[in-house]
Amino acid sequence: MSDENDKKPENDPQLAAKIKDSARQIWLAGLGAYTKAEEDTGKFFERLVQEGEQLENKTRGVVEKQIKTVEDRVGGVRERATGTWDKLETLFDERVSGALRRLGIHRREDIEALEHRIAALETELMRLRGDRDEEE
């Protein structure tokens, strides 16, 4: 009966050593794979960062060129709009001034000019009255 027990695989010391050795090799292979994956991941990440920087540099030039183009177009539109607005403002002022003149309402400049003329006439009148008072 002991011969039968000795022939069972669980009782074979060589087989147990081989299994233990295989399990250790599998464990070490797993550790090696983990370490290799960790190293490769770091390198892979660095490579992705470098490629991202290169792409950013390439696209930055393109984007800056597009921004410049848009700014130039906006500047042209702004100049045209400003010119048009100035023309409209001048036309509006002329129309309002014409309407006010037709209604008999004078511009501020006209009224100020008249006030200066009146002041000059008053000064001249006072001077003439002063001369006449001295003659009497």
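Nothing here was measured: the structure is a model prediction, and the numbers come from that model.

**Examining the overall build of the chain**
A count of helical and extended segments in the chain gives three helices and zero strands. Listing each helix as α and each strand as β along the chain from the N terminus yields α-α-α. The buried share among the 136 residues of the chain stands at 2%. Accessible area of the chain: about 13100 Å², with a carbon and sulfur share of 57%.

**Section: helix 2 (residues 13-102)**
Compared with the 134 Å implied by 1.5 Å per residue over 90 residues, the 126 Å span of helix 2 between its first and last C-alpha is a close match. When helix 2 is considered as a whole, its buried residues turn out to be Gly75, Ser97 and Gly98. Of the residues flanking the end of helix 2, it is glycine 104, one or two places downstream, whose phi is positive at about 90 degrees.

**What to know about a nonpolar patch on the surface**
A cluster of nonpolar side chains, contributed by Phe92, Val96, Leu100, Leu103 and Ile105, occupies part of the molecular surface with about 470 Å² of accessible area. Summarising the element assignment, leucine 103 is placed in the loop between helix 2 and helix 3 (108-135). Since its relative accessible area comes to 66%, leucine 103 is described here as exposed.

About the thresholds
- Within each chain, residues carry numbers counting from 1 in the order of the written sequence.
- Local features are withheld for residues below a pLDDT of 70 in this predicted model, meaning they are given only at 70 or higher, and side-chain atom pairs are given and counted only at 80 or more; totals for whole chains, interfaces and linings count all residues.
- Working from all heavy atoms in the structure, the side-chain values ignore hydrogens and water.
- Numbered from the N terminus, helices here are DSSP runs of H or I no shorter than four residues, and strands are runs of E no shorter than two.
- For every residue, the accessible area (1.4 Å probe, protein chains only) is compared with the maximum for its type, and the residue is labelled buried under 20%, exposed over 50%, or partly exposed between those bounds.
- Computed with the Shrake-Rupley method and a 1.4 Å probe, the accessible areas treat only the protein chains shown as cover for residues.
- A helix's residues, less one, multiplied by 1.5 Å, set its expected span.
- For patch detection, residues must exceed 30% relative accessible area and be free of salt bridges, and they are connected within 9 Å for like charges or within 5 Å for nonpolar side chains (Val, Leu, Ile, Met, Phe, Trp, Tyr).
- Only one rule defines a salt bridge in this text: a Lys or Arg side-chain nitrogen within 4 Å of an Asp or Glu carboxyl oxygen.

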